Amino acid sequence: MKVLHIDSSIRGERSVSKELSAFFMHSLQSRFGELPVDYLDLSVNTPSHPSALFVQGNYTLAEDRTPEMEAALEESEALVDRLHQADIYVIGMPMYNFSVPSNVKVFIDNIVRINRTFRKQDNHYEGLLKNKKVYIISSRGADFNDGHMLANGMDQLQPYLEKVFGFLGLDNLTFINVSPTQFSGQEARIQAIENARVRISHIVQTI
Ligand SMILES: Cc1cc2nc3c(=O)[nH]c(=O)nc-3n(C[C@H](O)[C@H](O)[C@H](O)COP(=O)(O)O)c2cc1C
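Residues numbered from 1 in each chain as written. Predicted model: local features only at pLDDT ≥ 70, side-chain atom pairs only at ≥ 80, totals over all residues. Heavy atoms only, no water.

Going by the annotation in an unreviewed UniProt entry, the name recorded for the chain is FMN dependent NADH:quinone oxidoreductase, with Chitinophaga agri given as the source organism. Listed under Subunit (unreviewed entry) in UniProt, the entry text for the chain is "Homodimer." Its UniProt record gives the chain the following Sequence similarities (unreviewed entry) comment, quoted word for word: "Belongs to the azoreductase type 1 family." (UniProt positions renumbered as here; feature names shortened; annotations may be inferred.)

## Examining the pattern of salt bridges
Under the defined criterion, the tally for this structure stands at 12 salt bridges. For Lys18, the salt bridge identified is with Glu13, shortest N-O distance 3.6 Å. What emerges from the salt-bridge pattern is a single network uniting Arg65, Glu77, Asp81, Arg113 and Arg116. (Salt bridge = Lys/Arg side-chain N within 4 Å of Asp/Glu carboxyl O.)

## A few points about the nonpolar core
The biggest cluster of nonpolar side chains holds 32 residues, and the ones touching the most others in it are Tyr89, Phe107, Leu161 and Phe165. Elements with a minimum of two residues in this core: strand S1 (3–7), helix H3 (67–85), strand S3 (88–94), helix H4 (102–111), strand S6 (133–139), helix H6 (158–167) and strand S7 (173–178). In terms of residue count, the dominant contributor to this core is H4 (four residues). Residues within four places of Phe165 in sequence aside, it is in contact with Ile91, Ile108, Val134, Ile136, Leu170 and Leu173. Within the second largest apolar cluster, 21 residues are counted, among which are Leu20, Tyr135, Ala192 and Ile207. (Core = buried A, V, L, I, M, F, W, Y, C linked by side-chain atoms within 4.5 Å. Buried < 20%, exposed > 50% of the residue type's maximum accessible area, 1.4 Å probe, protein only. Helix = DSSP H or I, 4+ residues; strand = E, 2+ residues; numbered from the N terminus. Contact = heavy atoms within 4.5 Å.)

## Focus on the pairing of S1
Counting buried positions along S1 yields five of five residues, so the element is predominantly enclosed. Side chains of S1 alternate between two faces, with Val3, His5 and Asp7 and Leu4 and Ile6 buried alike. As defined by bridge partners, S1 adjoins strand S2 (residues 37–41) across five bridges and the pair is classed as parallel. Each bridged residue has a counterpart across the sheet, and for Leu4 the counterpart in S2 is Asp38. In this view, the connection linking S1 to its parallel neighbour S2 by way of helix H1 (residues 16–32) has right-handed handedness. (Pairing = 2+ DSSP bridges. Right-handed = clockwise from strand over helix to strand, strands pointing away.)

## Let's talk about the packing of aromatic side chains
Inspection of the entire model under this criterion finds four aromatic pairs. Ring plane angle 55 degrees and centroid distance 6.1 Å describe the contact between Phe118 and Tyr125, whose orientation is recorded as tilted. Classification of Phe118 by relative accessible area gives buried; the value is 8%. Measuring from centroid to centroid gives 4.8 Å for Phe118 and Phe167, while their planes differ by 45 degrees, and the two rings are tilted. (Phe/Tyr/Trp six-rings, centres within 6.5 Å; stacked < 30°, edge-to-face > 60°.)

## Topic: the UniProt feature "domain: Flavodoxin-like fold" (unreviewed entry) in the chain
The sites that carry the UniProt feature "domain: Flavodoxin-like fold" (unreviewed entry) are, in the present numbering, residues 1–200. Along residues 1–200, the helical share is 41% and the strand share 19%, with 18 Å between the first and last C-alpha atoms.

## Observations concerning the site of the ligand
Close to the ligand lie 17 residues; Ser9, Ser15, Ser17, Thr181 and Gln182 are nearest. At 2.8 Å from an oxygen atom of the ligand is found a main-chain nitrogen or oxygen belonging to Met95. Interatomic distance of 2.8 Å between a backbone N/O atom of Asn97 and a nitrogen atom of the ligand. When the free accessible area of the ligand is taken as 630 Å², the share hidden by the protein chains comes to 82%. (Near = heavy atom within 4 Å. Polar contact = N/O pair within 3.5 Å; in protein donor to acceptor, adjacent residues only side chain to side chain. Areas by Shrake-Rupley, 256 points an atom, 1.4 Å probe, with all protein chains shown as cover.)

## Overview of the side chain of Ser15
Following the sequence through the fold, Ser15 ends up in the loop between S1 and H1. Within the structure, the side chain of Ser15 is placed 3.2 Å from the side chain of Ser17, a separation counted as a polar contact.

## What to know about the environment of Gly147
With respect to the element layout, Gly147 can be found in the loop between S6 and helix H5 (148–151). The spatial distance from the C-alpha of Gly147 to the C-alpha of Asp171 is 25 Å, given a sequence separation of 24 residues.

## A word on the sheet that holds S3
Spatial strand order, S2-S1-S3-S6-S7: five strands in an open sheet with parallel pairing. Where the open sheet ends on each side, the last strands, each with one partner, are S2 and S7. Taken over all neighbouring pairs, the strand axes of this sheet differ in orientation by 15 degrees on average, direction set aside. Of the pairings in the sheet, the one linking S3 to S6 comprises seven bridges and is parallel in character. The residue bridging Gly92 from the neighbouring strand is Ile137, located in S6. Sitting on the sheet, H6 is in contact with S3, S6 and S7, with an inclination near 160 degrees to S7. (Axes fitted to C-alpha atoms, helices over the stretch in contact; angles between N-to-C directions.)

Take a look at the structure:
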């Protein structure tokens, strides 16, 4: 069982999502022993934005690509390989402006690749990242527990990830939403983090 552990907070060691994704990994290793882990911090190693050559290369058969196209796709190819190689993804992800951090968006722009992570068969699309379990620890400053934020459609992170990851075949997603971490006082923040820890401990027992 290989784990791909991804973080994306820009707040380094002060990050709640990073602390909790590390707690998830620690709980996983306590349960299963040492596991092979591939670690990617998107805030440090942010993938490049796709270029025109990237797009051209993406839609050119591998054997017909020019060296320039291959170079433009190199980073994306490596990221896609890492996704295929892991069985479990553990992702720490803050909410930024109601959606995913921009480093996650550019990561997604690199990994949604025809014939690598999805393919088109006749008239339908098929995701190629199969049999993976995905755990997303999503920290939010505001309170998303009381229903108002959700009722107003302010969560554009979870629905977006469900769609785009689902498109790639990742249909086994578990969201651990940590909220409120910022705008409801210290007590509520401590409680939100504690609730997430309890939930993570429980989830890891079911893997
Ligand atoms: C650029 C930026 C945008 C943010 N936008 C939102 C938001 O839309 N909704 C929200 O609830 N919190 C928002 N927050 C607060 C963070 O989600 C919150 O502080 C979270 O705990 C950050 O995760 P981290 O501790 O892992 O860095 C924002 C924070 C930053 C830095």
